[in-house]
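# Structure assessment
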Amino acid sequence: MIHIEHLLKCYDSLRAVDDISFDVKEGELFGFLGPNGAGKTTTLSMISGLLKPDKGCIHVGDIDVWQCPKKAKQLLGLIPQDLALYEELNARENLMFWGSLFHLPRATLKANIDLWLDRVGLSDRSREPVSKFSGGMKRRLNLAIGLVHNPKVVLLDEPTVGIDPQARNNILDIIREIAREGTTILFTTHHLEEAEALCDRLAIMDHGKILAVGSVEELALMVGDGNIVTLSGDFTALRIREVLETTPFAVLNTADHTATFSLNQQGNLLPSLLQTLNEAGIEVTDIAMQKPNLESVFLKLTGRELRD
Ligand SMILES: Nc1ncnc2c1ncn2[C@@H]1O[C@H](COP(=O)(O)OP(=O)(O)OP(=O)(O)O)[C@@H](O)[C@H]1O
Ligand SMILES: [Mg+2]
């Protein structure tokens, strides 16, 4: 449903989006996971027709977004990272303003506004100025604005950023619902759990590049199918790496005082590893073990952790 080929956007010498290609299938919930500055918003802005790519092409269905921007706009709904709300207007007026840009028949627009106010739980607050809304309510209204023309393809940029867990769950539930109804969704996040919980497939992005694409299970296989072990202790990144590299384990990351590696189904070799470390004069104070997950994939691909 979304087909991206060799998309490129530069700001002077910075390659904000660096020759990326990917597909989102019809009805799929596809996530873009990456840290600050990865290029997520820049990518979404180009898909939604707000920002002209330097190179590459973007198709939504059989429409070339930059050849036929008007047609593309009807198909697409963008929920931007930065709230696009008029604070002095109420929720209904905001929806009317933004919705009117889609040239729907007035009765359809009014019905859609009622529907979306209800779905985001703002029906009873719809006549209050937005300036009186909480952060979570503003996020929900922002969501409704992007959906008011019932788009087939929805682009959500960090839809849960800066809100409390309850408001976040509320928004995630709405995203799941519209996905179940068959909407194709591309959403960006830097929350690992959010990506894990929601996505059919996802792309891991960093420094403008897509490093890997797949389902959570497919991506987790990139770090092997053994458990992931994290050691803590009084050691330097260099020293622990030197020792770990003499073992059969696959090192994912080392830093001063912490090291992460995959057991890679090597059997129960942990006791002998601890002995090796001990003999090398490395003191381990804590060992944590977990199944491979997106966090370990991210660590392997980028060499650093993705913190929420
Ligand atoms: N208008 C601009 N002018 C110059 N540089 C820009 C501009 N917009 C974005 N950038 C740079 O492009 C890179 C990608 O930015 P982008 O906003 O796409 O990242 P992001 O993945 O959305 O990050 P975040 O998680 O913080 O929202 C960053 O290094 C950013 O500083
Ligand atoms: Mg962004």
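None of the values given here were measured: they were computed from a predicted structure. (Residues numbered from 1 in each chain as written. Chains lettered and ligands numbered in written order. Predicted model: local features only at pLDDT ≥ 70, side-chain atom pairs only at ≥ 80, totals over all residues.)

### With respect to unusual backbone geometry
A positive phi angle is found at D12, which is not glycine, with a value near 50°. With respect to the helices and strands, the residue D12 is situated in the loop between strand 1 (2-11) and strand 2 (14-24). The backbone of H207 shows a phi angle near 50°, a positive value even though the residue is not glycine. Along the polypeptide, H207 turns up in the loop between strand 9 (201-206) and strand 10 (209-214). Looking at H207, the number of C-beta atoms within 10 Å reads 15, which means it is partly exposed. (Helix = DSSP H or I, 4+ residues; strand = E, 2+ residues; numbered from the N terminus. Buried ≥ 20, exposed ≤ 12 C-beta atoms within 10 Å, placed from the backbone.)

### Notes on the sheet that holds strand 11 (residues 228-234)
Read across the sheet, four strands follow the order 12-13-11-14 without closing on themselves; strand pairing throughout is antiparallel. Strands at the two margins of the open sheet, each flanked by one partner only, are strand 12 (250-255) and strand 14 (283-290). Direction aside, neighbouring strands of the sheet carry axes that sit 20° apart on average. In terms of strand pairing, strand 11 meets strand 14 through seven bridges, oriented antiparallel. Directly across from I228, in strand 14, lies its bridge partner Q290. Running at roughly 80° to strand 12, helix 11 (residues 294-302) makes contact with strand 11, strand 12 and strand 13 (258-262) of the sheet. (Pairing = 2+ DSSP bridges. Axes fitted to C-alpha atoms, helices over the stretch in contact; angles between N-to-C directions. Contact = placed C-beta atoms within 7 Å.)

### A word on the packing of helix 5 (residues 135-147) against helix 6 (residues 165-180)
For any two helices packed against each other, one specifies the crossing angle of their axes together with the interaxial distance. As a packed pair, helix 5 and helix 6 sit with axes 9 Å apart at the nearest point and diverge in direction by 15°. Viewed along their axes, helix 5 and helix 6 adopt a mutual orientation that is roughly parallel. As helix 5 runs across helix 6, the sense of the crossing is right-handed. Residues G136, R139, R140, L143 and L147 of helix 5 form the contact with helix 6, whose participating residues are A167, N170, I171, I174 and I178. (Parallel < 35°, antiparallel > 145°, perpendicular 65-115°, else oblique. Left-handed = near helix turned anticlockwise from the far one by under 90°.)

### Regarding the pairing of strand 6 (residues 76-79)
Of the two faces of strand 6, the one lined by L76 and L78 and the one lined by G77 and I79 are each fully buried. Here strand 6 runs beside strand 7 (residues 153-157); their pairing, made up of four bridges, is parallel. In the strand pairing of strand 7, I79 is matched with L156.

### A word on helix 11
The set of residues buried in helix 11 consists of L294, E295, S296, V297, F298 and K300. As for helix 11, its buried residues are in contact with helix 7 (192-198), strand 9, helix 8 (216-220), strand 11, strand 12 and strand 13.

### What about the nonpolar core?
Core analysis: the largest hydrophobic core is formed by 80 residues, its most contacted members being L141, A144, L155 and I185. At six residues, the largest contribution of residues to this core is made by helix 5. When we break this core down by domain, the ones giving at least three residues each are domain 1 (2-215) and domain 2 (225-291). (Core = buried A, V, L, I, M, F, W, Y, C linked by C-beta atoms within 7 Å. Domains from an automatic or database assignment.)

### Concerning the environment of W116
Note that W116 resides in helix 4 (residues 106-119). Residue W116 is classed as buried on the basis of its C-beta count, with 25 C-beta atoms lying within 10 Å. Between the alpha carbons of W116 and T189 there is a distance of 23 Å; along the sequence they are 73 residues apart. Sequence-distant contacts of W116, that is, excluding residues within four places in its chain, are made with L95, A144, L147 and V148.

### Side note on the environment of M96
Inspection of the secondary structure puts M96 in helix 3 (residues 91-99). Residue classification places M96 among the partly exposed residues on the basis of 16 C-beta atoms within 10 Å.

### Examining the site of ligand 1
Near ligand 1 there are 13 residues, and of these A16, N36, K40, T41 and T42 occur at the shortest range. Listing elements by their share of the shell around ligand 1, those giving two or more residues are strand 2 and helix 1 (40-47). Of the residues belonging to the shell around ligand 1, the class tally is four nonpolar, eight polar and one charged. (Near = placed C-beta within 6 Å. Nonpolar A, V, L, I, M, F, W, Y, C, P; charged D, E, K, R; others polar.)

### Thoughts on the domain arrangement of the chain
As far as domains go, the chain holds domain 1 (2-215) and domain 2 (225-291). Distance from the C-alpha centre of domain 1 to the C-alpha centre of domain 2: 41 Å.

### Quick look at the sheet that holds strand 3 (residues 29-33)
A sheet is described by the order of its strands in space; here six strands give the open sequence 6-7-8-3-9-10, paired in mixed fashion. Single-partner strands in this sheet number two, and they are strand 6 and strand 10. Sheet twist, expressed as the average angle between the axes of neighbouring strands with direction ignored, equals 15°. The pairing of strand 3 with strand 9 spans four bridges and is parallel.

### Here's the deal with the pairing of strand 2
Judged from the eight bridges that link them, strand 1 and strand 2 form a sheet pairing that is antiparallel. Note on strand 2: the bridge partner recorded for H3 is D23. With antiparallel pairing between neighbouring strands as the criterion, strand 1 and strand 2 make up a hairpin whose turn holds two residues, including D12 at a positive phi of roughly 50°.

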